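Listed below, chain by chain, are the residues.
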Amino acid sequence: DGPFTVFAPNNNAFYQLMDELEITLEDLINLPILKEVLFYHLLPGYYLAKDIPSGSVTTVNGLPINIDKSAYNGEIGFAVNGIKITDNQNDVANVFIGNVETANGVVHVIDQVLIPVFESIYQVATSFDD
């Protein structure tokens, strides 16, 4: 449906996450918490870079991210920089490609996978086989 604004991690962001977690792509795809992680990258609504709200913003999964646009270069094309997104783990992702318009929203490419805070240790622990 939509419209949605997607903060889409690039391939390197996923490789970095898999290295940090010491898992394979197959392991990542099969994580029960993957849907929650992916929905943490979606905002309801259509926001070009210039329109992305600053501060605490609630994602589609119901948890907030913090968006800092204080260094935003004002670019209305694809070469966006200066927009930082802090997740619930206090890791910072940078938007480096933005304003990719689609039929049901807009995509901004980021350099980190955003990770929410999960409800319980059990929820995370049962996501890994070993």
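Residues numbered from 1 in each chain as written. Predicted model: local features only at pLDDT ≥ 70, side-chain atom pairs only at ≥ 80, totals over all residues. Heavy atoms only, no water.

(A) How the structure looks around the overall build of the protein. Check the secondary structure of the protein and you find 4 helices and 7 strands. Scaling as 2.2 N^0.38, a compact globule of 130 residues should have a C-alpha radius of gyration of about 14 Å, and the protein matches this with 15 Å. Taken over the C-alpha atoms alone, the protein extends approximately 45 × 30 × 25 Å along its principal axes. Scored against the burial criterion, the 130 residues of the protein give a buried share of 37%. When contacts within the protein are restricted to residue pairs at least 6 apart in sequence, those whose partners lie at least 24 apart make up 51%. By element, 54% of the accessible surface of the protein is carried by carbon and sulfur atoms, the whole surface being about 7400 Å². (Helix = DSSP H or I, 4+ residues; strand = E, 2+ residues; numbered from the N terminus. Rg over C-alpha atoms; globule rule 2.2 N^0.38 Å. Buried < 20%, exposed > 50% of the residue type's maximum accessible area, 1.4 Å probe, protein only. Contact = heavy atoms within 4.5 Å. Areas by Shrake-Rupley, 256 points an atom, 1.4 Å probe, with all protein chains shown as cover.)

(B) Structural detail: the pairing of strand E4 (residues 64-68). Only one face of E4 is buried, namely the one carrying Ile 65 and Ile 67, since none of Pro 64, Asn 66 and Asp 68 on the opposite face is buried. Examined bridge by bridge, strand E3 (residues 55-58) and E4 share 4 bridges and lie antiparallel to one another. If you follow Ser 56 over to E4, its bridge partner there is Asn 66. Turn length for the E3-E4 hairpin, with the two strands adjacent in sequence and antiparallel, is 5 residues, and the turn residue Gly 62 shows positive phi of about 90 degrees. Alignment of E4 against strand E5 (residues 84-86), held across 3 bridges, turns out to be antiparallel. Within E5, the residue paired with Asp 68 across the bridge is Lys 84. (Pairing = 2+ DSSP bridges.)

(C) Spatial organisation of the sheet that holds E3. Spatial strand order, E2-E1-E7-E6-E5-E4-E3: 7 strands in an open sheet with mixed pairing. This sheet does not close on itself; its edge strands, each paired only once, are strand E2 (42-44) and E3. When the angles between neighbouring strand axes are averaged without regard to direction, this sheet yields 30 degrees. Note that strand E1 (residues 4-9) and strand E7 (residues 105-110) share 6 bridges and pair parallel. Of the residues in E7, the one forming a bridge with Thr 5 is Val 106. (Axes fitted to C-alpha atoms, helices over the stretch in contact; angles between N-to-C directions.)

(D) View of helix H1 (residues 11-21). Restricting attention to buried positions, one finds in H1 the residues Ala 13, Leu 17 and Met 18. Viewed along the axis of H1, the buried residues span an arc of 135 degrees, placing them on a single side of the element. Looking at H1, the residues exposed on the side facing more than 90 degrees away from the buried face are Asn 11, Asn 12 and Asp 19. Summarising the contacts, the buried residues of H1 are in contact with E1 and helix H2 (25-29). Glu 22 sits one or two positions beyond H1 and adopts a positive phi of about 55 degrees. (Arc of directions from axis to C-beta.)

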